[in-house]
Amino acid sequence: MVEQINRTIIIHLFTLLTALILTAFLSLPTSAEDGSTLFKDNCESCHGTKARGPDRVAPPMVAVKNHYLSEYPSEEKFVAAIADWLKKPDHGKTLMPGAVQRFGVMPPLELEPDARRDLAKYIYTTDFQMPGWYREHFRKEHGKDPQ
Ligand code: HEC
């Protein structure tokens, strides 16, 4: 009797383990998509450098990165703050009130938690291009040259 129960438990555990391993395998393709691809697919249309100064619909990523770096210099805090923004863009937590006033709050995007972190890490480790007009704009706003 006891042996019977033990065998049943072992079989159940084995099934559970197989299911867990399968799930891990099946979720690999999404996490393997790297930050650069995620950025191109989800962010570049608004945060790219192609739009000329007056045509732009959002600040260029170099501007976003500068604001977040000066508030959160460590990678850990930077990644947490960007990932949190992506989870739910919210007027109450903006570091760029001027941009919110000019463009409105960024629309929420459908992104998995892993993708939000991969994107945040990609932004932290990437040097974004400064559009031609940006240096002058930064000087006007901040009275000094951008880094
Ligand atoms: C449809 C256009 C659009 C897309 C797509 C978009 N953004 Fe934005 N984003 C904006 C606008 C507009 C702002 C400026 C207003 C604001 O801060 O909410 C902004 C601001 C931000 C900010 C600064 C937030 C703050 O105010 O402190 C971050 C960080 C950001 N975007 C990251 C991203 C990332 C990463 C992606 C891609 C996953 C992305 N955005 C995609 C329009 C967009």
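Everything here concerns the structure above.
Let me sum up the structure you'll find in this document. (Residues numbered from 1 in each chain as written. Predicted model: local features only at pLDDT ≥ 70, side-chain atom pairs only at ≥ 80, totals over all residues.)

What about the overall build of the protein?
And then number 1: Helix and strand content of the protein: nine helices and zero strands.
And then number 2: Its helices and strands taken in sequence order, the protein reads α-α-α-α-α-α-α-α-α from the N to the C terminus.
And then number 3: Split into buried and exposed, the 147 residues of the protein put 11% on the buried side.
And then number 4: Relative to all contacts within the protein whose residues are 6 or more apart in sequence, the contacts with residues 24 or more apart total 66%. (Helix = DSSP H or I, 4+ residues; strand = E, 2+ residues; numbered from the N terminus. Buried ≥ 20, exposed ≤ 12 C-beta atoms within 10 Å, placed from the backbone. Contact = placed C-beta atoms within 7 Å.)

Here we look at the nonpolar core
And then number 1: Among the nonpolar cores identified, the biggest contains 10 residues, and these are A63, V64, Y68, V79, I82, L86, A115, L119, A120 and I123.
And then number 2: Listed by contribution, the elements that provide at least two residues to this core are α5 (61-71), α6 (75-87) and α8 (113-125).
And then number 3: Beyond its immediate sequence surroundings of up to four residues, L86 is in contact with L109, L111, R116 and L119. (Core = buried A, V, L, I, M, F, W, Y, C linked by C-beta atoms within 7 Å.)

Structural notes on the site of the ligand
And then number 1: Not every one of the 24 residues close to the ligand is listed here, only the nearest: C43, C46, A58, T94 and M106.
And then number 2: Elements that contribute at least two residues to the shell around the ligand include exactly α4 (44-47), α6 and α7 (97-103).
And then number 3: Looking at the shell around the ligand, its residues break down into 20 nonpolar, four polar and no charged. (Near = placed C-beta within 6 Å. Nonpolar A, V, L, I, M, F, W, Y, C, P; charged D, E, K, R; others polar.)

Quick word on the packing of helix α3 (residues 35-42) against α8
And then number 1: Between α3 and α8, the shortest axis-to-axis distance is 8 Å and the interhelical angle comes to 100 degrees. Taken together, the axis directions place α3 and α8 in an arrangement best described as roughly perpendicular. Mapping the contact onto sequence places G35, S36, L38 and F39 in α3 and A115, D118, L119, K121 and Y122 in α8.
And then number 2: A per-class count over the contact of α3 with α8 returns five nonpolar, two polar and two charged. (Axes fitted to C-alpha atoms, helices over the stretch in contact; angles between N-to-C directions. Parallel < 35°, antiparallel > 145°, perpendicular 65-115°, else oblique.)

Some points on helix α9 (residues 134-142)
And then number 1: In terms of burial, α9 is a largely surface element, zero of the nine residues being buried.
And then number 2: Positive backbone phi, approximately 70 degrees, marks G143, located one or two places after α9.

Here's the deal with the packing of α6 against α8
Axes are the key here: two packed helices are described by the angle between their axes and the distance separating the axes.
And then number 1: Taken N-terminus to C-terminus, the directions of α6 and α8 make an angle of 130 degrees; their axes are 8 Å apart at the nearest point. Judged by the inter-axis angle, α6 sits oblique to α8. Read as a crossing pair, α6 and α8 show a hand that is right-handed. Here α6 contributes E75, F78, V79, I82, A83, L86 and K87 to the contact with α8, which in turn contributes R116, R117, L119, A120, K121, I123 and Y124.
And then number 2: Split into classes, the residues belonging to the contact of α6 with α8 amount to nine nonpolar, no polar and five charged. (Left-handed = near helix turned anticlockwise from the far one by under 90°.)

Here's the deal with the environment of L38
And then number 1: As for its placement among the helices and strands, L38 is situated in helix α3.
And then number 2: On a C-alpha basis, the gap between L38 and L119 in space is 6.7 Å, while along the polypeptide they are 81 residues apart.

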